Structure formats: C-alpha cells, structure tokens
Amino acid sequence: MNGKSAGKKTAELPVAELSPKEASREQARLAALLRRADIAYHQQDAPFISDAEYDAARRRLREIEARFPALARPDSPTGTVGAPPREGFARVGHAVAMLSLDNAFTDQEVLEFDARLRRFLGLGEAVLSYTSEPKIDGLSLSVRYENGHLVQAATRGDGHTGEDVTANARTIDDLPEHLTGAPAVLEVRGEVYMTHADFAELNAAQRASGDRPFANPRNAAAGSLRQLDPAVSASRPLKFFAYGWGQLSEPLADTQIDALARLAELGFATNPLTRLCHGPEELLRHYREIEATRADLGYDIDGVVCKVNDLALQRRLGSRSNTPRWAIAHKFPAETAWTRLLRIDIQVGRTGALSPVARLKPVTVGGVVVSNATLHNEDYIRGIDASGNPIRGGRDIREGDWVKVYRAGDVIPKIADVDLARRPPDARPYEFPARCPECGSDAIREPGDAVRRCTGGMYCPAQAMERLRHFVSRNAFDIEGLGAKQVETFYLLGWIREPADIFTLAERDAGGEKAIAGLEDVLNRLRGGADPNEQKKALAEALGLEHFDPERARERFEERSRTPLARQHGWGVRSARNLFHAIEERRRIALERLIFALGIRHVGEAAAKLLARHYRSWDGFARAMSAARVGEGPEWEELLNIDGVGEVMARALVIVFHQEGERALIERLVAQLREIEPAREAAAPDSPIAGKTVVFTGTLERMTRSEAKAQAERLGARVAGSVSKKTDLVVAGPGAGSKAKRAAELGVEIIDEDTWLELIGDA
Ligand code: 5U1
C-alpha cells in the first residue's frame, strides 16, 4: 500500500490512488460482485444489492479498466473491454422519430414563434408558458429502458434510423444501468457532451501518444461515442443531460418541467439552468442570463431551447416533417474571426447553379477550423441583396481581402464583413464567370433569379456528378455500397453517366464492355475547371495514381475502365456481387424516393412525399406533370392546390417534364425499374379519414384552421384548398360560401365541425 492510502481499505480508495496490484484485486472483487448481482437479478429474481450500489460498482470497475487497460478481461461485466472491434454499428429504427429543432437567431424570431403558436392554438392574448433549457453542443442520444433496464442506446442518425451505440453508452456514468419506478418502456433522449476540462485532458493525452487532438469538445464527444471499441469509449469522459423522451409506456407528467423533474428523480442528469418562463419576454430574459454565464459553464452550449410547457398543447401543435412546432432553438450569435480571402472558386451544383466559394487562410471560429465560406451569388459578392439594396454598406468582396467570418447556425461559414483599410492596392472587383468553369457551357442568369446557372445539363460533369451523388443519397435510392465516392469514381471511369446507367452496370461489367467514354472525353469534360489541379488530383485518385501524369493516367484509365469491378482497387468478388445485388434490389423503389431522387429544383424530401401522396402512382404523377402547362389548366391548378406546393416548385416540376433531354433521362431511368411502390398513407391504419381529401371552409370555432389541417394530415388525410371531383369531404363552419356550394353541386359530403371532431374521435 502506498503512503497516501495507508489506513484505508482498498475498496474505499479512489481509483486514481490505486496501485496496479490493488487495482487488480479490486477489479477481481468488483467483477465477481457484478456477476453475482447479475445472476441474482436476472435469473433468480432476488437482487442482493441496490441499483445505486450496482451502478457505483460498475462505474468503479469501468474506471479501473480505463486506468489500467492491462487488467481488462474479455468477459468483464462492464462489457466494455476485450470485445473485438466491430465492423460498424448496427442500424436501429427509432420507434418515435428523433426530431431536430428550428432555429431563431433574433429576439424578434422568438416573439414571432410565440405569436405563431398562439395563433395556431387560437389562444388570442393568453400567455403561453415555456421551459427554457440550455442547448448543449454535443450529440443527441436516445436510450431505451425496458422494465427498468438499459437495453439500447442509439444515435440520432437521420431521425428515423440511428446507430446502435449501446455498449459505448453503457460507459457513460450519467446513464444509470437500472431504474426504479420507471415506466415499463422509457426512451430517454438527451445530449452527450464533454466538459472543457475533460476535453483539455483528453487532447493532452492524444498529443502525448502521438494521436491527433480533437478540434473541439463536440467532435471529441462524437468521436468517443462512435468508437468501435467500447473500451476506448470507456476511457473517454462523456457526460449526458436528459432533455426529452421518445417511446413511453405511460406519460411521465403533464408538463415539460415536471417530466424533466421526473427524469431527474429517476437518476438522470438534467440541466440545472432550466427554467419555467411565462411568455416570450421571460424567455428572452432567461436567454440573456444564460448567455452571460455561458463562458463559465465548463461545457459548450450554443443557445437556449424554448419548449411549450403544457404537454397536451405540445400534442396539439404536433410536428412538421422534421421539427416540432412546439419548440425552437434560440441560438447565440455566431462567433467571428478575421482572415484573408485567398481565392474565389466557383462550384457547380446539381441544378447547374454556379456557387462562389471563398477559399480562406484557415482560421479558428468557435472551435472549428474554417477554410471555406459561401459567397452565395454574384450580387452578394458585389455587395447588394436580392432587391438591389446594399449589404455590408455596399462593400464588395475581392480576392486578397481581409474578411470577417462567422458560422451561421454553426454549420456553413459565411462572410460578415470586409476590412477596406486592409484591402491590397492591386485587388480588383471579382468578375463572375459567364461560362461554366466545369464544362465551358454558357452560364446564364434568368430574370428574377439571383443565381447564374450552367446550361450544360448532364453534359456538364459537375452537374452530372452532383446529380448522381444526390441520386444515391440516403433519402433517395440509398444503394448499399454505392456512395458519393463510388459514384464519382464510376463516373470518372466512364461507367455511368446518368442514373439509368447504374442499373446496367452489372451486365456491362460481366461482359467486360463498359461504356468507355475515353480519357480524352473525361478530361475534356473537366477542361477549364475552377481549379484544374484539383480535377487532376481527383482523377489521379480515382485511377489510383499518386500524381497526375497524362501518360500513366491514360494507361491506367484504359486498363481500369476495362477491368471488371471485382478486380478494381478496393473491390473484390464478394463486394462487387453485393453491389450488383443491392442495385437489383433497388429496381423496386418507393414513389417518394424516386421523385426526390430526380433532384428537381425546390423538390426536397418533404415535397416529394406530398407529391407522392397526392398522385399516388408514378404514372399518375408523370402524366399530370407532362400534361400541366405553367400558369394554366386544370393540371396546373391541381398541382398548386396541393398544400405545400407553391408556384416556384410547380414551375420547376413542369419545366423538367417538358424538357426533352430531362424527360428522356427520366424515362430511361424508369424503364430500368421493376416496381414503383405507391405512396404509403402516413395515417394510423384505422383512421376513418386516411387517404381522404378534405377541404375546410368557413369559420372553425373549436380549433384554428392550421390546427385542423395539421390534425387531418396527422391522421392521413390530404387537405386541399378547393373543392373538386376528387374531394371526399368538406368541413364547413359558419360563413362557408362558394366551396360549400360547389361541394353540394358535386355531391361531396359536407359536415360541420362537431361532426368532424366526432369522426376523428376528438369531440
Ligand atoms: N435542451 C434541449 N436540447 N434539445 C435538443 N432540448 C432539446 N430538445 C431537442 C433537441 C434536438 O429536440 C426536441 C425538442 C425534439
């Protein structure tokens, strides 16, 4: 025993004071204790230690294993050591979607949020109560308990499917292994984070061991939780604040604040700065208080989350596709830093938009190294906004300028200002290209459009590649084994030029006769790029060359493009077969995925869902788009009548189906598909209004129009703005006029608000 610990029993000594011998003894004792406790609990139903004692023992064992990795045993009850690193994380579906948050950046936006909710709920001047909770800058985790036992932990992922990080989450001390008095099913949601002190210590250790330090505590937390080896997670000091829940077998409470209190009672850490606020002014006051203490908290927060306190009102408010209506993140002002703008590059997107990007001398902004920033469009560079009004006092942005960079919503860095005093004397106004830097086609700007676009379509490699990348993305075709990188390589090898080619890849590969466009063609397509060296680098990489050398590139290109996939670098017989199999599987695709995958401007995931639900089948959709004329006719009217489709989106849709090249490309793709699954109704299957088209007219007295609409959609109905032959039901309140009349003429059923509420079981 060492001097410090003299007189104390080993079991009482802090882990930091244990000698290796003591640690070994303590490890054996704790492991045996936990094993006996597990058997007594799970197999004999006769626990002999309390949950708190069990958790404390487990925590101590984990600490010992982290401090003395040599003691780690494969069969340790912590489950955190010795396990062979897994290939990846299993995917876990979330029983209740993990939503993200809308942001507010100004006081005004918080006032508008409150006004919007009161309007939605028809509350008039009544004061709404909210919780105000610090928004931890970490990563979201959902932890599932069944009958009081931690059974699963999953990351947010895309909100519907996350990664199974159960073994790693078990190493977080703030997450109890067992709960007493909890609902039989309880999914606790919250944020995993790392304190500044722990982050500094971890980075010091990383440096000492020659590993790369993390950029910020958030990255360190994310990197630690997503370690394939749980022993590494166990050695990282992660913490967790609970802020919500997913699936529950019974409610936790009637209000958000009481639900948080209940989670705290169950043993979860909840943030102590959380307050109940009455009305938006109190929210703003609390926001300022938290902002003032932000620097002293010891962990990163990036704003304050405001949530409606009454859970019944939260339910009434419901959610949009990814965000709840009842909450908003009031973000802190972005951090800024000055740096030099080295160069302006033009990137060409999937829709041909020429987007200027500022290449910056790397600078740290809010803990993240920034070397690129968006410049939006040519007007923005010139110092004017979409209406022609000056921005930044009308100061333009030039290569060589000193610029103030900030991270908006902490994602895409932007430029807030230019320092004219430091402008180099030879700096010239930036001349925006009138030709696409990727393919040389004309880049034109249509009246009213702030963006200049390449007219090259799929001929333009940048557009083609972006469209292919989008096509295989997660919410589109999502073909296992065919990500952005593979698509890019296949494009550069001349194997695929458009989405339909993906489906003929296998037959061409088997016969060794891939459509080889030839290196010349690929290089031609890349000519005059924003940065030809970058393009050459990309090509060299795709061809497995260290440096770009035209002769070797040609040889390698010919050889590689003729080599079957299974013999390509990084591929084998099995992975090639798996890929072809995954592609085959995708000949069957959901209608909404197909519509989204087409990459039509303004048609995002939510809009694709709306369109799929409205038109129900591919034939219905394609026929309607082909028949529609911009600004006129019943098909155009029908399109605009879909709630959530505006003129801009409608125009983009119709234009695509009337452009010969685009239409042929879509037809070639559809010809490759075996089955396009009609849109699934989002409704509960037993909802009496699922799949029905409903029109609300007149004054509703028991709820607002927005609430009625949201409720109808939640139950699977489509809500239309006007009555047609396709309308199934009209809900008419006092003052209903022409719509009720038209419904009567067409023989459409008309009911009043009370009957509607009875029908949907909410009377
Ligand atoms: N404090 C807190 N952070 N946070 C993040 N609450 C909270 N709630 C969230 C998120 C994403 O989402 C729910 C409102 C859905």
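Since the model is a prediction, treat every value here as computed from it, not as a measurement.

(A) Representation of the overall build of the protein. When helices and strands are counted, the protein shows 28 helices and 24 strands. Looking at the protein as a whole, 48% of its 763 residues are labelled buried. In the protein, of all internal contacts separated by at least 6 residues, the share reaching a separation of at least 24 is 66%. Per element, the accessible surface of the protein, about 36,100 Å² overall, is 49% carbon and sulfur.

(B) Structural context of the sheet that holds strand β9 (residues 275–278). Taken together, the five strands give an open sheet; going across it, the order is β2-β11-β10-β3-β9, and neighbouring strands pair in mixed fashion. Every other strand in the sheet has two partners, leaving β2 (103–104) and β9 as the edge strands with one partner each. As defined by bridge partners, strand β10 (residues 301–308) adjoins strand β11 (residues 327–331) across five bridges and the pair is classed as antiparallel. The residue bridging V304 from the neighbouring strand is H330, located in β11.

(C) Representation of the site of the ligand within the structure. Around the ligand, the surrounding shell consists of L99, L101, E133, P134, Y243, V305, K307, W326 and A327. Between the ligand and the protein, one listed contact pairs a nitrogen atom with a backbone N or O atom of P134 at 3.1 Å. At 2.8 Å from a nitrogen atom of the ligand is found a side-chain nitrogen or oxygen belonging to K307. Surface burial for the ligand is 87%, taken as the share of its 380 Å² of free accessible area covered by protein chains. Secondary-structure elements contributing two or more residues to the shell around the ligand are β3 (129–136) and β10. Residue composition of the shell around the ligand, by class: seven nonpolar, no polar and two charged.

(D) A look at the environment of G93. When you line up the elements, G93 lands in strand β1 (residues 91–93). Excluding anything up to four places from it in sequence, G93 contacts H160 and T161.

(E) Spotlight on the pairing of β3. Of all eight residues in β3, seven are buried, a share of seventy percent or more. Where β3 lies against β9, four bridges are found, and the strand directions are antiparallel. Bridge pairing in β9 links S129 to H278. In this sheet, β10 lies alongside β3 in antiparallel orientation, the contact comprising seven bridges. Looking at β10, one finds that K135 is bridged to G303.

(F) Here's a closer look at the nonpolar core. By size, the foremost hydrophobic cluster in this structure holds 69 residues, and its most contacted members are I502, L611 and L639. It is helix α24 (residues 647–658) that provides the largest number of residues to this core, a total of seven residues. Each of domain 4 (457–585) and domain 5 (588–677) contributes no fewer than three residues to this core. One finds L139, L150, V188 and L238 within the second-largest nonpolar core, a separate group that totals 33 residues.

(G) Representation of the packing of aromatic side chains within the structure. Taken as a whole and judged by the stated rule, the model has 16 aromatic pairs. For the pair Y287 and F332, a centre-to-centre distance of 5.3 Å together with 40 degrees between the ring planes defines the contact as tilted. Here Y287 is found in helix α9 (residues 279–293), whereas its partner F332 is found in the loop between β11 and β12 (336–348), with 45 residues between them in sequence. Note on accessibility: Y287 and F332 belong to one class, buried. Every member of this aromatic cluster is reached through a ring pair, and the members are Y615, W618, F621 and F657. Its end group placed over the ring of W402, R422 keeps NZ or CZ at 4.2 Å from the ring centre.

(H) Broad picture of unusual backbone geometry. Unlike most non-glycine residues, H376 shows phi in positive territory, near 65 degrees. With respect to the element layout, H376 can be found in the loop between β14 (368–374) and α11 (378–382). For H376, a relative accessible area of 32% corresponds to the partly exposed category. The residue H602 is not glycine, and still its phi comes out positive at about 70 degrees.

(I) Just the pattern of salt bridges, in detail. All told, the structure shown has 38 salt bridges when counted by the stated rule. The closest approach of N and O atoms between R422 and D419, which form a salt bridge, is 3.0 Å. The class for R422 is partly exposed, based on a relative accessible area of 38%. One network of salt bridges, with partners in common, ties together E378, D379, R382, R445 and R452.

(J) Representation of helix α21 (residues 605–615) within the structure. Of all the residues in α21, the buried ones are A607, A608, L611, A612, R613 and Y615. Buried residues along α21 sit in contact with α20 (591–597), α22 (618–627), α23 (633–641), α24, α26 (705–714) and β22 (718–720). Once α21 ends, the next one or two residues include R616, with phi positive near 65 degrees.

(K) Region of interest: the sheet that holds strand β8 (residues 239–248). The strand order β5-β4-β7-β8 describes an open sheet built from four strands, whose pairing is antiparallel. Both edges of this open sheet fall to β5 (149–155) and β8, since each of them pairs with a single strand only. On average, each strand axis in the sheet is tilted by 30 degrees relative to the strand beside it, whichever way the strands run. The pairing of strand β7 (residues 185–193) with β8 spans seven bridges and is classified as antiparallel. Bridging across to β8, V192 finds its partner in F240. Together, β4 (139–146), β5 and β7 form the strand contacts of helix α6 (residues 217–225), whose direction differs from that of β4 by roughly 40 degrees.

(L) Structural detail: the side chain of D401. Within the element layout of this structure, D401 appears in the loop between α11 and β15 (402–408). Given a relative accessible area of 0%, D401 falls into the buried group. A distance of 2.7 Å separates a polar side-chain atom of D401 from the backbone nitrogen of R398. Within polar-contact distance, the side chain of D401 engages the side chain of R423 at 2.8 Å.

What counts, and at which threshold
Residues numbered from 1 in each chain as written. Predicted model: local features only at pLDDT ≥ 70, side-chain atom pairs only at ≥ 80, totals over all residues. Heavy atoms only, no water. Helix = DSSP H or I, 4+ residues; strand = E, 2+ residues; numbered from the N terminus. Buried < 20%, exposed > 50% of the residue type's maximum accessible area, 1.4 Å probe, protein only. Contact = heavy atoms within 4.5 Å. Areas by Shrake-Rupley, 256 points an atom, 1.4 Å probe, with all protein chains shown as cover. Pairing = 2+ DSSP bridges. Near = heavy atom within 4 Å. Polar contact = N/O pair within 3.5 Å; in protein donor to acceptor, adjacent residues only side chain to side chain. Nonpolar A, V, L, I, M, F, W, Y, C, P; charged D, E, K, R; others polar. Core = buried A, V, L, I, M, F, W, Y, C linked by side-chain atoms within 4.5 Å. Domains from an automatic or database assignment. Phe/Tyr/Trp six-rings, centres within 6.5 Å; stacked < 30°, edge-to-face > 60°. Lys NZ or Arg CZ within 6 Å of the ring centre and 35° of its normal. Salt bridge = Lys/Arg side-chain N within 4 Å of Asp/Glu carboxyl O. Axes fitted to C-alpha atoms, helices over the stretch in contact; angles between N-to-C directions.

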